[in-house]
Amino acid sequence: MVEAGQHSASEPSQVAEQGELFPDASLPDELVGYRGPAACQIAGITYRQLDYWARTKLVAPSIRTAHGSGSQRLYSFKDVLVLKVVKRLLDTGVSLQNIRVAVDHLSVRGVRDLAKVTLFSDGTTVYECTSPEEIVDLLQGGQGVFGIAVSGAMQEISGTIHEFPAERADGGVIETMTPDELTQRRNARRTG
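Residues numbered from 1 in each chain as written. Predicted model: local features only at pLDDT ≥ 70, side-chain atom pairs only at ≥ 80, totals over all residues. Heavy atoms only, no water.

Caption draft 1: Just the sheet that holds strand β2 (residues 32–35), in detail. The three strands are arranged β3-β2-β7 in an open sheet whose pairing can be described as antiparallel. Strand pairing shows two members of the sheet lacking a second neighbour, β3 (74–75) and β7 (167–168), which therefore form its edges. Bridge analysis of β2 against β3 gives two bridges, and the strand direction is antiparallel. The residue bridging Y34 from the neighbouring strand is Y75, located in β3. (Pairing = 2+ DSSP bridges. Helix = DSSP H or I, 4+ residues; strand = E, 2+ residues; numbered from the N terminus.)

Below you can see the structure in the form of structure tokens.
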């Protein structure tokens, strides 16, 4: 268990290994991005929040920032995931100052590394746990009040992100995935 902003003392061999959370094809590559309105819908935030967080550099778009009137920010999958985590932390009462520390710590990790992280908070401090032992230690200390499994947020996003328009930063064509039978049934129910 480490306080967000510190590095874990655990050696990689000590951390319980988890299987692949997603097959490679289900995660967009680092050049695929989502414009602001899509990022808002995916993360469950307002455009006003997104704009404020980008201007204050809480969660800035890693693919393309806005440059003047008419330009569009482009958020990566990881950016959208962090937006969703920030929203959840805010909803539980964590201050923006403490969220900023947690985001700075999460931003240095890759997407697959984030899937192994669970964030806990007592409402004041945000703690990062990467193993079941760290979670137990935190809970036994009586400090943890709520937890956010980043992998859960990642699964939610990956289940819906393909429904939103995306674009490649290099101007390339995005291969559209053929929806599976369950997705086709859900879409049919939505449209009537």
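Once the structure has been displayed, the description carries forward.
Caption draft 2: The side chain of K78, seen in detail. Considering the arrangement of structural elements, one finds K78 in helix α3 (residues 77–91). For K78, which is buried and forms no salt bridge, the nearest opposite charge comes from D79, at a distance of 6.8 Å. If we ignore the near neighbours within four places in the chain, the residues touching K78 are L106, S107, V108, R109, G110, V111 and L114. (Buried < 20%, exposed > 50% of the residue type's maximum accessible area, 1.4 Å probe, protein only. Lys, Arg positive; Asp, Glu negative; His and termini not counted. Salt bridge = Lys/Arg side-chain N within 4 Å of Asp/Glu carboxyl O. Contact = heavy atoms within 4.5 Å.)

Caption draft 3: Structural view of the pattern of salt bridges. The final tally for this structure, using the stated rule, is nine salt bridges. A salt bridge links E167 to R35, with the nearest nitrogen and oxygen atoms 2.6 Å apart. Here R35 lies in strand β2 and E167 lies in strand β7, a separation of 132 residues in the sequence. Between D51 and R55 there is a salt bridge; the shortest N-O distance is 3.0 Å. Taken together, the positions of D51 and R55, both in helix α2 (residues 47–55) and four residues apart, correspond to about one turn of that helix. Salt bridges here are not isolated pairs; linked through shared partners, they connect R35, R64 and E167.

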